[in-house]
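Each chain, written out:
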Amino acid sequence: MDLEARSLQPNVKAVILAKLREYKSDLNNLKSEHKRLASANSNQAARDDLLESGMADAMSVSANQRGRLMMSTERLNESSDRIKESRRTMLETEELGVSILQDLHQQRQSLLHANDTVFLLLKVPYRLHLLTGKFEGKDERKRLMRKGGRKNK
């Protein structure tokens, strides 16, 4: 086109060459804008690809975290159950201990009462001696002391 415009008459040639330069400038501007948009689109496409792969990674990570969270929750529930069972066992053991201590207390009271009874029985002959001047229960008292208050079979 440039060559054809140069071969025209001088009065038309100047106008056409000016328009031709304007069109070339517009063409160059459009080409640069096209390149810029195309590179932006390719950057956007690359960005979208990265985001999609990132989203896939995020979903994978999210699923992995969800699985670990579920395992942790299950272990926590199992530990809670074991603690509840241990607490129940502890309470049962405590009740049994209290019952044993009560039984031992009753047995102690019974032994103390038996000891007091034996002691009183041993003192009766001695007191009779003090009252009558005779001490006939000395042998009986020794026999009871040797047996420890046990009865004959």
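Residues numbered from 1 in each chain as written. Predicted model: local features only at pLDDT ≥ 70, side-chain atom pairs only at ≥ 80, totals over all residues. Heavy atoms only, no water.

## Focus on the overall build of the protein
Tallying secondary structure elements over the protein gives 3 helices and 0 strands in all. Every one of the 153 residues in the protein was classed for burial, and the buried ones make up 4%. (Helix = DSSP H or I, 4+ residues; strand = E, 2+ residues; numbered from the N terminus. Buried < 20%, exposed > 50% of the residue type's maximum accessible area, 1.4 Å probe, protein only.)

## Concerning the pattern of salt bridges
Enumeration according to the criterion identifies 2 salt bridges in this entry. A salt bridge links Glu92 to Arg88; the shortest N-O distance between them is 2.4 Å. Here Glu92 pairs with Arg88, and both are found in helix H2 (residues 10–132), just 4 residues apart, close to one helical turn. For Glu92, a relative accessible area of 44% puts it in the partly exposed group. A relative accessible area of 39% means that Arg88 is categorised as partly exposed. Within this structure, Glu85, Arg88 and Glu92 form a network of salt bridges that share partners. (Salt bridge = Lys/Arg side-chain N within 4 Å of Asp/Glu carboxyl O.)

## Describing a nonpolar patch on the surface
Among the surface-exposed residues, Leu8, Val12, Val15 and Ile16 lie close enough to one another that they form a single nonpolar patch of about 290 Å² accessible area. For Val12, the location among the structural elements is in helix H2. (Patch = residues over 30% accessible without salt bridge, like charges linked within 9 Å, V, L, I, M, F, W, Y side chains within 5 Å. Areas by Shrake-Rupley, 256 points an atom, 1.4 Å probe, with all protein chains shown as cover.)

## Structural notes on the confidence of the model for the protein
Of the residues in the protein, 69% reach a pLDDT of 70 or more, and the chain-wide mean stands at 78. Mean pLDDT per element in the protein: helix H3 (residues 138–147) is the minimum at 62, and H2 is the maximum at 83. (pLDDT = per-residue confidence, 0-100.)

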